[in-house]
Amino acid sequence: NPAVIFICRSKPINYTANAMAAKKQAFLDALRASEGQLEEYDLGENLGFTKQETQQVIEELEEEGKIVYQALSLCRYAVAS
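Reading guide: rules and limits
Residues numbered from 1 in each chain as written. Predicted model: local features only at pLDDT ≥ 70, side-chain atom pairs only at ≥ 80, totals over all residues. Heavy atoms only, no water. Axes fitted to C-alpha atoms, helices over the stretch in contact; angles between N-to-C directions. Helix = DSSP H or I, 4+ residues; strand = E, 2+ residues; numbered from the N terminus. Parallel < 35°, antiparallel > 145°, perpendicular 65-115°, else oblique. Contact = heavy atoms within 4.5 Å. pLDDT = per-residue confidence, 0-100. Salt bridge = Lys/Arg side-chain N within 4 Å of Asp/Glu carboxyl O. Buried < 20%, exposed > 50% of the residue type's maximum accessible area, 1.4 Å probe, protein only. Polar contact = N/O pair within 3.5 Å; in protein donor to acceptor, adjacent residues only side chain to side chain.

Overview of the packing of helix 1 (residues 17-34) against helix 3 (residues 51-63)
Okay, so step 1: Look at helix 1 against helix 3: their axes get within 10 Å of each other, and the N-to-C directions meet at 85°. The orientation of helix 1 with respect to helix 3, classified from their angle, is roughly perpendicular. Side by side, helix 1 and helix 3 meet where Met 20, Lys 23, Lys 24, Phe 27 and Leu 28 of the first sit next to Glu 53, Thr 54, Gln 56, Val 57, Ile 58, Glu 60 and Leu 61 of the second.

What follows is the structure, given as structure tokens:
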């Protein structure tokens, strides 16, 4: 009987620094252009990101102080001023 192995991904996806930097810049540019009119996961999907990739990008941009959480519009994040 073959063994069945389940793999649970509990760590963020590992991207090269350049790949992640490109994803973050693309998200920032799209966030600015959308002016809060797109939900953040829709924004990521439009860029070809999975939900997990979008979440990782959001977390890193928040940690870097480049975006801030806001609950006032459709998109819950805004580019930090």
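That covers the picture; the talk isn't over yet.
Re the confidence of the model for the protein
Okay, so step 1: Predicted confidence across the protein gives a mean pLDDT of 83, with 79% of residues reaching 70 or more.
Okay, so step 2: Overall, residues 5-10 carries pLDDT values under 50, and its contacts beyond four positions in sequence, including any with other chains, amount to one contact.

A look at the pattern of salt bridges
Okay, so step 1: Scanning the entire structure with this criterion turns up seven salt bridges.
Okay, so step 2: Where Glu 60 meets Lys 24, a salt bridge forms, and the shortest distance between an N and an O atom there is 3.3 Å. You can see Glu 60 sitting in helix 3 and its partner Lys 24 sitting in helix 1, a full 36 residues away along the chain.
Okay, so step 3: Across the pair Arg 76 and Glu 40 runs a salt bridge, and its minimum N-O distance is 2.6 Å. Residue Arg 76 is located in the loop between strand 1 (67-69) and strand 2 (77-79), and its partner Glu 40 is located in helix 2 (residues 40-46); the two are separated by 36 residues in the primary sequence.
Okay, so step 4: Residue class for Arg 76 comes out partly exposed when judged on its relative accessible area of 34%.
Okay, so step 5: Each of the salt bridges in this network shares a partner with another, and the network as a whole consists of Lys 24, Glu 60, Glu 64 and Lys 66.

Considerations on the environment of Glu 60
Okay, so step 1: We classify Glu 60 as partly exposed; its relative accessible area is 22%.
Okay, so step 2: Considered as a pair, Glu 60 and Lys 24 are 36 residues apart in the sequence and their alpha carbons are 8.2 Å apart.
Okay, so step 3: Aside from chain neighbours lying at most four places away, what touches Glu 60 is Met 20 and Lys 24.
Okay, so step 4: Side chain to side chain, Glu 60 and Lys 24 meet in a polar contact 3.3 Å long.

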